[in-house]
Amino acid sequence: MTTTDHSAPGSAGGAEGPGQLHGGPDEDYSPEQLAAMDRTDLDRLGARYDGVEVLHVDPLPAPGSPLERRNTRQVTMWFGLAALFALVFVVIYAGSGWFLPSWEWRVGSSTWSALFTPLLGASFGAAMISVGIGLVLYVKKLLPHETAVQDKHDGSHFDRVTTGATLMGALDNSGLPRRRMLKWTLGGLGGALGLMLIAPLGGFIKNPNKGNPLGTTPWADGVRLVRDDGTPIRPGDQVAGSLATVFPAVEGGDRAADAAVMLIRLRPEQLAVLTPPPRQADFSYGDYVAYSKICTHAGCPVSLYEQETSRILCPCHQSQFDVTDGAKPVFGPATRSLPQLPITVDDEGYFVASGDFPEPVGPSFWNIGRLG
């Protein structure tokens, strides 16, 4: 590494230690006077001897030459592509549900809904890649390349002013002031990237999940309980001790992830010890009870019923729930009871719900307890 040991007026080179330098521009001129000087004036005062030695300078194409114009077009093209991809991101995000199809995901949803997130990721990634390529080409082909070394020292105010003037001189050396097309492209790129970065904040306003989507299901007062083939159920259709999986008789009810329910007909000895939770004594109908089929541990489907022990079992992580005690967990990792669906019968004698679940369906990250 090459070092220098200049000690011209105003230079920090050659200083033996920290502290105010004497006999230089810092004592001859006030900070305001130094700040008002341009780089030429600072050079005359010794800025050229401020401990920096230029070892090598790679020549750039002459301003206005065909090579210089070609390099400028390449850089402009990549920055322009970055701005274009950023605008595509904004159009996809903001246009969904307006002049583009809605992006809400549902089971069996449209191809557009399935492609919405990948398209956002692709356009965002393409914008960032284009910015990166543009910056690399700009540095390699449009900025002057020089190799310089400088001694590390404690700088004076003169040194700080000189550094500021050097940075401002770098702007002139970059060629931006005279490359209008590139300058306008960079301005447009900044605006497009800004829109792309703040567009997702519009989700706080444009939110398709109105109301309480995580706390409600398709079940409601008067909705019939039907089998997977769509047939309704009467109280006498099941034998004592049996379990049937039922769904709400609404459009898409059999495909809703939180709507599956276990309809269980209790045996007489089970009915005798049935202990419903407080405020849910009227949720059952005769010897029938209905509980959510979604395990409160990790959301797995609870599908096994052991009528001899009155326990519902989750085959995934072995949680067990007592049917006669409000489906309270008695074994395994689950810590919350299965939500109970209030049921009754309609005028035609078919089972219907008398309301939605009194609490959210699914894993116990809801951090709530049973109604009581």
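Everything here concerns the structure above.
The notes below deal with the structure included here.

The rules behind the values
Residues numbered from 1 in each chain as written. Predicted model: local features only at pLDDT ≥ 70, side-chain atom pairs only at ≥ 80, totals over all residues. Heavy atoms only, no water. Helix = DSSP H or I, 4+ residues; strand = E, 2+ residues; numbered from the N terminus. Buried < 20%, exposed > 50% of the residue type's maximum accessible area, 1.4 Å probe, protein only. Contact = heavy atoms within 4.5 Å. Areas by Shrake-Rupley, 256 points an atom, 1.4 Å probe, with all protein chains shown as cover. Salt bridge = Lys/Arg side-chain N within 4 Å of Asp/Glu carboxyl O. Pairing = 2+ DSSP bridges. Core = buried A, V, L, I, M, F, W, Y, C linked by side-chain atoms within 4.5 Å. Disulfide = S-S within 2.5 Å. Phe/Tyr/Trp six-rings, centres within 6.5 Å; stacked < 30°, edge-to-face > 60°. Expected span 1.5 Å × (residues − 1). Arc of directions from axis to C-beta. Axes fitted to C-alpha atoms, helices over the stretch in contact; angles between N-to-C directions.

### A short note on the overall build of the protein chain
Phase 1: The helix and strand tally for the protein chain stands at 8 helices and 12 strands.
Phase 2: Counting the 372 residues in the protein chain, one finds 36% classified as buried.
Phase 3: Counting contacts in the protein chain only where the partners sit at least 6 residues apart, residues at least 24 apart contribute 64% of the total.
Phase 4: Split by element, the accessible area of the protein chain, about 20,500 Å² in all, is 60% carbon and sulfur.

### Let's talk about the pattern of salt bridges
A pair can form between side chains of opposite charge whenever their charged atoms are brought close.
Phase 1: With the rule as written, the count across this model stands at 6 salt bridges.
Phase 2: Residues Arg 224 and Glu 348 are paired through a salt bridge, measuring 3.1 Å at the closest nitrogen-oxygen approach. With Arg 224 in the loop between helix 7 (180-198) and strand 3 (225-226) and Glu 348 in the loop between strand 11 (343-345) and strand 12 (351-353), the pair connects residues that are 124 residues apart, well separated along the chain.
Phase 3: In this structure Arg 224 comes out as partly exposed when scored by relative accessible area, which is 22%.
Phase 4: The residue Glu 359 makes a salt bridge to Arg 336 at a minimum N-O spacing of 2.8 Å. On the criterion of sequence distance, the pair formed by Glu 359 in the segment after strand 12 and Arg 336 in the loop between strand 10 (328-331) and strand 11 is long-range, its members being 23 residues apart. No difference in accessibility class separates Glu 359 from Arg 336, as the two residues are buried.
Phase 5: What you see here is one network of salt bridges that share partners, running through Arg 224, Asp 346 and Glu 348.

### Digging into the pairing of strand 5 (residues 261-265)
Phase 1: Of all 5 residues that make up strand 5, 4 are buried, and the element is covered over most of its length.
Phase 2: As judged from the 5 bridges shared by strand 5 and strand 6 (residues 288-292), these two strands associate in the antiparallel manner. Bridging from a neighbouring strand, Val 261 pairs with Ser 292 of strand 6.

### Examining the nonpolar core
Phase 1: Counting 22 residues, the largest nonpolar core has Val 75, Leu 189 and Met 196 as its most contacted members.
Phase 2: At the level of secondary structure, the elements contributing two or more residues to this core comprise helix 4 (66-95), helix 5 (111-141) and helix 7.
Phase 3: It is helix 4 that provides the largest number of residues to this core, a total of 9 residues.
Phase 4: For Leu 189, the contacting residues outside a window of four places in its chain are Phe 79, Ala 82, Ala 83 and Val 131.
Phase 5: If you look at the next biggest cluster of nonpolar residues, it comprises 17 residues, including Val 223, Ala 259, Ile 294 and Ala 353.

### A word on the state of the cysteines
Phase 1: Tallied over the entire structure, the rule returns 0 disulfides.
Phase 2: No disulfide involves Cys 300; its sulfur sits 3.1 Å from the nearest other cysteine sulfur, which is in Cys 316.
Phase 3: You can call Cys 316 partly exposed: its relative accessible area is 36%.

### Details of the packing of aromatic side chains
Phase 1: In this structure the tally under the stated criterion is 3 aromatic pairs.
Phase 2: Ring pairing ties together the aromatic residues Tyr 285, Tyr 288 and Phe 351, which thus form one cluster.

### Digging into helix 7
Phase 1: For helix 7, which comprises 19 residues, the first-to-last C-alpha distance of 27 Å matches the rise-based estimate of 27 Å (1.5 Å per residue) to within 8%.
Phase 2: Among all positions in helix 7, only Leu 182, Thr 185, Leu 189, Ala 192, Leu 193 and Met 196 are buried. Down the axis of helix 7, the buried side of the element spans an arc of 100°, and every buried residue falls inside it. Opposite the packed face of helix 7, turned more than 90 degrees from it, sit the exposed residues Arg 180 and Trp 184.

### Concerning the sheet that holds strand 7 (residues 304-306)
Phase 1: Pairing is antiparallel across the open sheet formed by 4 strands, whose spatial order is 7-8-9-10. Two strands lie at the open edges of the sheet, namely strand 7 and strand 10, each paired on one side alone. Neighbour to neighbour, the strand axes of the sheet diverge by 35° on average, direction disregarded.
Phase 2: Inspection of the sheet shows strand 9 (residues 320-322) paired to strand 10 by 3 bridges, in the antiparallel sense. Paired with Phe 321 across the strands is Pro 329, a residue of strand 10.

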